[in-house]
Amino acid sequence: NDRLVKQLADAGNGNYAYIDSLNEAQKVFNEEMSATLFTIAKDVKVQIEFNPKLVKAYRLIGYESRKLKTEDFINDKIDAGELGIGHTVTALYEVIPANSTSEFLPKGSDLKYTEVKTKDNLGNELATIKFRYKKPNEEESKELIQTVSNSQKEINSASLDFRFANAVAWFGLVLRDSQYISNKNLEDIINLAKQGKSSDEDGYRAEFIRLMWTKKLTW
């Protein structure tokens, strides 16, 4: 019961894993266990704000169960996730530029009393990322702020890790039969994943590619 185990792990600020093979046991206990045993930051929260002069709309892919209310970001009483010594977190956003049109733009109406104004001195800032966390032995959070500059790059110039992460997210959207993607060709996703395969010393990325081939054959 994946849903129940996830709820138990969240309630206890813990982690869970599903082990169905010796290889998975090796991965969980030998390689990932240390990341879950030593917490370096608790109640970790991330907030991102896009510059409306450059971004017309955006969507976070996944993390539906992790979203917080805007006001909860600075509320230290709100429980959030923990980061272990070996943890990394990747979040992907789909962005619609301000000078483009899209069928996926959110529908809305003009407000009568409210007008959104944007500062003119933001330069080439695309977004601002705010990161809040507490040290394991403290109850007051600290905040880090980082701005992201606007740049246009093709997927082929992105890092191998970024390309592979995109392939994983793309495959997940296909499995969900998402309304937000038009290209659901598994071969295109597999080719993108192969581009990001890198050295893959443990074979996990190759295993994911084989999983997609299996899905393609049984589609």
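A short tour of the structure in this document, coming up. (Residues numbered from 1 in each chain as written. Predicted model: local features only at pLDDT ≥ 70, side-chain atom pairs only at ≥ 80, totals over all residues. Heavy atoms only, no water.)

## Describing the environment of Thr70
As a reminder of what qualifies: We count a stretch as a helix when DSSP gives it H or I for four or more residues in a row; a strand needs E for two or more, and each element gets its number in order from the N terminus.
Position of Thr70 relative to the elements: it lies in the loop between β2 (55–61) and β3 (81–84). Separated by 13 residues in the primary sequence, Thr70 and Leu83 have C-alpha atoms spaced 21 Å apart.

## Examining unusual backbone geometry
How we decide: The classification of residues rests on relative accessible area computed with a 1.4 Å probe and restricted to protein chains. Under 20% of the type maximum is buried, over 50% is exposed, and intermediate values are partly exposed.
Although it is not a glycine, Asp43 sits at a positive phi angle of roughly 50°. Mapped onto the secondary structure, Asp43 falls in strand β1 (residues 39–50). Assessed through its relative accessible area of 10%, Asp43 is described here as buried. For Tyr63, which is not glycine, the phi dihedral falls at a positive 65°. Relative to the assigned elements, Tyr63 resides in the loop between β2 and β3.

## Considerations on the layout of surface pockets
In plain terms, the rule: A cavity here means a set of 1 Å grid points, computed over protein atoms only, where a 1.4 Å probe fits but cannot escape. A pocket is an open set with protein on both sides within 12 Å along at least 5 of 7 lines, and lining residues have an atom within 4 Å of a point. Grid points are joined across faces, edges and corners, and a volume is the space filled by probe spheres set on the points. Gly counts as polar in this scheme, as do all residues outside two lists: the nonpolar Ala, Val, Leu, Ile, Met, Phe, Trp, Tyr, Cys and Pro, and the charged Asp, Glu, Lys and Arg.
By volume, the second largest pocket amounts to about 330 Å³. Along the wall of the second largest pocket there are 14 residues; nearest its centre are Lys56, Ala57, Tyr58, Arg59 and Pro106. When contributions to the lining of the second largest pocket are tallied by element, the ones reaching two or more residues are β2 and β4 (92–97). A total of five residues in the lining of the second largest pocket trace back to one element, the largest contributor, which is β2. Of the residues that constitute the lining of the second largest pocket, the class distribution is 11 nonpolar, no polar and three charged.

## Overview of the pairing of β1
Cut-off, in case you're wondering: Between any two strands, pairing holds if DSSP finds at least two bridges.
Note: β1 against β3, three bridges, orientation antiparallel. Looking at the pairing, Thr39 lines up with Gly84 of β3. Bridge count for β1 against strand β5 (residues 125–134) is seven bridges, and the pairing is antiparallel. Paired with Ile48 across the two strands is Ile129, which belongs to β5.

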